[in-house]
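Analysis of the macromolecular model
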Amino acid sequence: MSSPIALSGVSYTYDKGDRPVLREVGLTIAEGEIVLLTGPSGSGKTTLLTLVGALRAMQSGSCTVLGQQLMGASEAQRVALRRRIGFIFQQHNLLGFLTARQNVAMALELDPASTERDRLARAGEMLEAVGLGAKAESLPGQLSGGQRQRVAVARALAARPGLVLADEPTAALDRQSGQDVVRLLTDLARQRGVPILLVTHDPRILDIADRIVAMEDGRITSAPEPATGPAI
Amino acid sequence: MTAILAARLAWRQLLSNRARLVSAIAGVTFACVLVFMQLGFRGALFDSASNLPRALQGELFLVNPLTLVMFRPEPIARVRASQVLADPDIALSVPIYLAQTKFRNPETGRQRTIQLIGFDPEAGAVHFEGLEALTPALKRIDTIAFDRRSRPEFGPITPRLEQSGPFEVEVGGRAMLVVGLVALGTSFGADGNAVMTETNFRRIVKERQPSKTDLVAIRLKPGADAQAVKQRLTTILPRDVMVLTGPELIAWERSYWEKGTPIGFIFGFGSLMGLIVGMVIVYQILFSDIATHLKEYATLKAIGYSNHYLRRVVMGAALMLAVFGFIPGFLGSIALYSLVAKATLLPLAMDAARAAAVFGLIFAMCASAGLLAMRKLGEANPADMF
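Okay, so let's go over this structure.

Cut-off values and rules
Residues numbered from 1 in each chain as written. Chains lettered and ligands numbered in written order. Predicted model: local features only at pLDDT ≥ 70, side-chain atom pairs only at ≥ 80, totals over all residues. Heavy atoms only, no water. Buried < 20%, exposed > 50% of the residue type's maximum accessible area, 1.4 Å probe, protein only. Helix = DSSP H or I, 4+ residues; strand = E, 2+ residues; numbered from the N terminus. Arc of directions from axis to C-beta. Contact = heavy atoms within 4.5 Å. Buried area = accessible area lost by both parts, 1.4 Å probe. Salt bridge = Lys/Arg side-chain N within 4 Å of Asp/Glu carboxyl O. Polar contact = N/O pair within 3.5 Å; in protein donor to acceptor, adjacent residues only side chain to side chain.

Turning to helix α6 (residues 157-164) of chain B, a few remarks are in order. Residue and element names in this part refer to chain B. Burial in α6 covers these residues: I157, T158 and L161. Projected down its long axis, α6 shows its buried positions confined to an angular sector of 100 degrees, all on one face. Opposite the packed face of α6, turned more than 90 degrees from it, sit the exposed residues Q163 and S164. Considering only its buried residues, α6 is in contact with β3 (90-104), β5 (143-147), β6 (167-171) and β7 (174-182). Looking one or two places after α6, you find G165, whose phi comes out positive at around 80 degrees.

Next up, the structure:
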C-alpha cells in the first residue's frame, strides 16, 4: 500500500497572479497519520489543500492521492476521487432544509448500491458517534455552531473515506467547542485509521497532531516526510 | 435511482421555503390560465366559425370557388343543384341562400346584423335542432324561425315566444312573423341567425336573382362513397362551382379565420406572452434558490456530486413547478371557460387535446427556465470552499 498522499515538485500559479503560490512542494503523509499544516496567510496552505482534495486542476509536478495521480486527471476522475475524501470546511455548509440525519445521508447517497434504510441507519450511527444522536432530526438552524460542525464531521466520516481534509475547522467556533470538534475528529479518525491533513492557525490544537508541517511563501519549511519515512 | 434522489432533494428544497414555493406555483398557474384562455378563444372562434357548415349536415356541398367565407358568399347558378341529381348516388340536393341583413330588436328598436339562412325545410337536407316541428309554420308567407343561441342584443325573442306565441319582428325592413326557435349558435361572422324558406328569403332580400343561390347541400344515397361522388362531380361540373365534402367545408371555413385574419396570430401571440411571463417567474425562483444555496451546492460538488446531478436537481424543481402549477391552472380554466361561455355564447370548452398541448407548453416553459437557471450552477466552485 502506497502513502495516502504523495506530492513532489508541485507548483501552482493563479491566472491573475504573477508569482507562484506554490513552489516545488513535496509532501508525504503515511497511513493513519494526522498532519497539521500551519503557516501565515498567503503561504499557500489552502491552495495545497484544494489540489490534494482534487478541487482544483494541477499545473505541474506530481500528486498522488489514494492511488490516483492528479496531474492530468480528468474532471470525472477528480469527482470520483472526491467521493473517497471526507471534507470539513471553515463553515459547516450543511443544507439548511435537511435535518442533521439527512445531511449526513447526503454523503452516502453517492453510493448507488446503498438503500435508503441503510443510509439513514448509518447516518444515525455517525451522529451517535459525534454525540448528537438526540439531535438527528433537527434542522441545522436549530443547532449551535459547535453542534453543526460536529454534524459536518459526521458527514465527512460517514462514507468511510480514505482521507480527511479539513480547513480551519475551528475558525468559526469558540475555544471550547473548537477543541471538542477537533478532538472528536481526531479520535474518530484514529479509531478508523484514517489519515487527516488539517490546515490551521489555531495554536490550541497543535498537540493533537502526529506531525506539524510548516509552510512559508509557497514552500514547505519543516517536516515534509513522516518521522519514520513513508510507509511503503 | 440517482434521478429519484435528485428529485427528492429538489422537492425538499422547494418545500423549505413555502412562501417562495407558493409564489412560484402561482406564477405557473397564472401563465397556464393565460394560455388556456388564449387558446380557448382561438378554438372557440374557429369552432363557431364552422357552426353553420357543421349544422348543415350535408355530405357534399357546392360552393363558388371565389367564396372566401360563408357570411360573404359569391353566388352560384341555382341550376347546378338540379344538374347534380343526374348522378345515381345523389338522393337530394338543396340550394341554400345566405345573406346578412338588419334585425330590429322589438324591445329597444335598435338594429343589428343577423344571418339569414333560406332553404326548403321539407327537403330534409338540413337538420337544425327544432326545425322539423316548425316546417309547416315556416311554409306560410313572411315567417322565420329564430336561432335561440343568438346574442341577447336581438331582444327577448325566446321568452316572448314561449310566453305568448308567434309575434312580428322587422327583418331587413320587412315585417316577419317569428313562428319558432331553432338552435344553431353564433359565430364571429354572425351574432344571430334566422331560418326561413327560399320564398320568404327572397321576400326579404329582393335584389337576389332567382337563378342564383349561395350554397348547395347534397345528401347521398345510403352506402354511397362521398369521395367517389366528389370525383365524378368535379369532372362533370363546370369550374364555376367547387365540390367539398362536409369536413372539407368546415376546414375551409376555419382556414379563412385562421389564415385570412390576424385573429389566429393575436391569440397565438397572447399565449406566447403568457409563457414568457411564466418563464421569467420560474427562472427568478430557481435562480434565487441556486444563489442562496450556492455554498451548499459547492459543498455537494466538493464531496463528490457531479454537475450533472445538480443540474438534475434544478430541472427536477422546474418540472415539479410545472406539474403543481398546471393542476390549479387547469381546474381554474375549466371554471373560467364556463363563465366566459355563458357571457359570450361562444363554444368555449376544455378538451383533452388542448389540455395536453398546454401542459406541454408549460412543461417546456419550466424546462427552459430551468436550463437558464442552471448556468448559475457554474458559479458553485468547490475550490472556493476553503
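Further notes follow.
Here the focus is unusual backbone geometry. All names here are of chain A. Positive phi, close to 60 degrees, is recorded for A54, a residue that is not glycine. Counting through the fold element by element, A54 comes out in the loop between α1 (45-52) and β4 (60-65). The class of A54 is buried, set by a relative accessible area of 0%. A positive phi angle, near 45 degrees, is found at E168, a position not held by glycine. Within the secondary structure layout, E168 lies in the loop between β7 (163-167) and α6 (175-192).

At the junction of the two partners, chain B supplies 22 residues and chain A supplies 26 residues. A combined buried area of about 2,400 Å² lies between chain B and chain A, and 65% of that area is made up of carbon and sulfur atoms. Linking chain B with chain A are two salt bridges. The shortest N-O distance in the salt bridge between A:E116 and B:R8 comes to 2.7 Å. For the interface between chain B and chain A, the tally reads six residue pairs in polar contact (both at pLDDT 80 or more).

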